[in-house]
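Overview (structure and organization)
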Amino acid sequence: MAFPLLFLLFLSIPFSESKLSVDYYTKTCPDFNSIMRETVTTKQINSPTTAAGTLRLFFHDCMVDGCDASVLISTNSFNKAERDADINLSLPGDAFDLVVRAKTALELSCPGIVSCADILAQATRDLITMVGGPFYKVRLGRKDGFESKALRVNGQVPQTNMSVNQLIKVFAAKGFSAQEMVALTGAHTIGFSHCKEFSHRIFNYSKTSPSDPEMYPKYAEALRKTCSNYLKDPGMSAFNDIMTPSKFDNMYYQNLQRGLALLATDHALSKHPRTKPFVDLYASNQTKFFEDFSHAMEKLSVFGIKTGRKGEVRHKCDAFNTLKA
């Protein structure tokens, strides 16, 4: 009876996912792992915000029609690409630069073999591990998508003005549970947000309070000083995790419990009945957070992937191999 059981298990795996494997490039590009590690390490040492930026870039790519490197495509005269959608305009240049560097090195070693989608997925995992986060397996063999349209982005990526119920719906549409959403949001343990994303919480909040009363007062005061000139300088920002901003840990969840949430959506997670239990769980148990984050990232990394003729291996990550609208 073993054979029918194995056959049923195989049928339960989406066909495109079954083509992926952690050793996909062992024969075709044997130096893949070493080239990726060297490129990632050099970039992160020289630009310490690269890890957070790359994780965010990967997330924004996968949430819009799958992990297919569509967010890397540049806009041209007849197509406004994903990266120029309003919510993507603040994606960090260091993350794009890392992918370009890795692609250049890999093209010299094994031309036309490694997809930009795989580069982004592997780089994200390597960087998370490098800054103290968990190691998880990255299955490889994705192809790069044939389409990148700014109009496809709206509503597919979480926004800071959404309610918890709206956030849950966005993730549910991709097959993620509320708990998986909270685990993935733990990515905010590294990185930063621009002042405009949380300015309403610290300036003129109400007639009786300049800031959100649920925000720790001294924290709000410090943020007002940091963001005092944000209207003239839109690049002004603050760390999502004020305590350990460059370390991947569970401090983010502990901050939420203390009124040290930067974004309104993050604060809401610590209050909403569907998400608060998971915030409390991860705040008290980093091992559980790492375990659940790893599982959620593995699941995210194969969402909507393209394989076979449904995609290509781009020569350059910011342009399709053939002209497409």
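Every value quoted in this text rests on a predicted model; they were computed, and no experiment measured them. (Residues numbered from 1 in each chain as written. Predicted model: local features only at pLDDT ≥ 70, side-chain atom pairs only at ≥ 80, totals over all residues. Heavy atoms only, no water.)

With that settled, the discussion passes to the UniProt feature "binding site: heme b" (unreviewed entry) in the protein chain. The positions UniProt marks with the feature "binding site: heme b" (unreviewed entry) are His 188. In this fold, His 188 is placed in the loop between α8 (178-185) and β1 (192-194). Setting aside chain neighbours within four positions, we find His 188 in contact with Asn 240, Asp 241, Tyr 252, Leu 263 and Asp 266. (UniProt positions renumbered as here; feature names shortened; annotations may be inferred. Helix = DSSP H or I, 4+ residues; strand = E, 2+ residues; numbered from the N terminus. Contact = heavy atoms within 4.5 Å.)

What follows is about the environment of Ile 190. Along the chain, the position of Ile 190 falls in the loop between α8 and β1. For Ile 190 and Tyr 136, which are 54 residues apart along the polypeptide, the C-alpha to C-alpha distance reads 18 Å. When neighbours within four sequence positions are excluded, Ile 190 is seen to be in contact with Ala 51, Ala 52, Leu 55, Val 131, Asn 240, Pro 245, Ser 246, Lys 247 and Phe 248.

With that out of the way, let us pick up the packing of aromatic side chains. All chains considered together, the criterion is met by 14 aromatic pairs. Seen in terms of ring centroids, Phe 171 and Phe 176 are 6.5 Å apart; in terms of plane orientation they differ by 85°. Their pairing is edge-to-face. Across this residue pair, the class does not change: Phe 171 and Phe 176 are buried. Measuring from ring centre to ring centre gives 4.9 Å for Tyr 252 and Tyr 253, while their planes differ by 70°; the resulting arrangement is edge-to-face. Accessibility classification places Tyr 252 together with Tyr 253 in one group, the buried group. Here the aromatic cluster, defined as three or more aromatic residues joined through ring pairs, consists of Phe 248, Tyr 252, Tyr 253, Tyr 282, Phe 289, Phe 290 and Phe 293. The aromatic ring of Phe 96 is capped on one face by Arg 83, whose charged end is 4.1 Å from the ring centroid. The ring of Phe 176 carries the charged tip of Lys 299 above its face, separated from the ring centre by 4.9 Å. (Phe/Tyr/Trp six-rings, centres within 6.5 Å; stacked < 30°, edge-to-face > 60°. Buried < 20%, exposed > 50% of the residue type's maximum accessible area, 1.4 Å probe, protein only. Lys NZ or Arg CZ within 6 Å of the ring centre and 35° of its normal.)

Residue position: Thr 124 is located in helix α6 (residues 116-130). What makes Thr 124 buried here is its relative accessible area of 1%. In this structure, Thr 124 is in contact with Thr 54, Leu 55, Phe 58, Tyr 136 and Met 297, ignoring residues within four places of it in sequence.

This part is about the state of the cysteines. A disulfide bridge is the covalent bond that connects two cysteines by way of their sulfur atoms. Taken as a whole, this structure holds four disulfides when the rule is applied. With its sulfur 2.1 Å from that of its partner, Cys 195 forms a disulfide with Cys 227. The sign of the S-S torsion, about -75°, decides the handedness of the disulfide formed by Cys 195 and Cys 227: left-handed. Separated by 32 residues along the polypeptide, Cys 195 in the loop between β1 and α9 (199-202) and Cys 227 in the loop between α10 (217-226) and β2 (237-239) bring together distant segments of the chain. (Disulfide = S-S within 2.5 Å.)

Running from N to C, helix α7 (residues 164-172) and α8 cross one another at 100°; their axes reach a closest spacing of 9 Å. One element, α7, and the other, α8, form an angle in the roughly perpendicular class. Only Ala 178, Met 181 and Leu 184 of α8 make contact with α7, whose side of the interface consists of Leu 167, Ile 168 and Phe 171. A per-class count over the contact of α7 with α8 returns six nonpolar, no polar and no charged. (Axes fitted to C-alpha atoms, helices over the stretch in contact; angles between N-to-C directions. Parallel < 35°, antiparallel > 145°, perpendicular 65-115°, else oblique. Nonpolar A, V, L, I, M, F, W, Y, C, P; charged D, E, K, R; others polar.)

A few words now on the packing of helix α4 (residues 50-63) against helix α5 (residues 93-109). Helix-helix packing is characterised by the crossing angle of the two axes and by the distance between the axes. Where α4 contacts α5, the two axes come as close as 8 Å, and the packing angle between them is 85°. Between α4 and α5, the crossing angle belongs to the class labelled roughly perpendicular. Where α4 abuts α5, its residues Thr 50, Gly 53, Thr 54 and Leu 57 lie against Asp 94, Ala 95, Phe 96 and Leu 98. A class-by-class count of the residues in the contact of α4 with α5 yields four nonpolar, three polar and one charged.

Take the nonpolar core next. Membership of the largest hydrophobic core comes to 78 residues, with the highest contact counts inside it found for Leu 72, Leu 106, Phe 248, Met 297 and Leu 300. Residues within four places of Leu 72 in sequence aside, it is in contact with Leu 57, Arg 83, Phe 96, Val 99, Cys 116, Arg 314, Cys 317 and Asp 318. Residues Ala 238, Leu 260, Leu 262 and Leu 263 belong to the second largest nonpolar core, which totals 14 residues. (Core = buried A, V, L, I, M, F, W, Y, C linked by side-chain atoms within 4.5 Å.)

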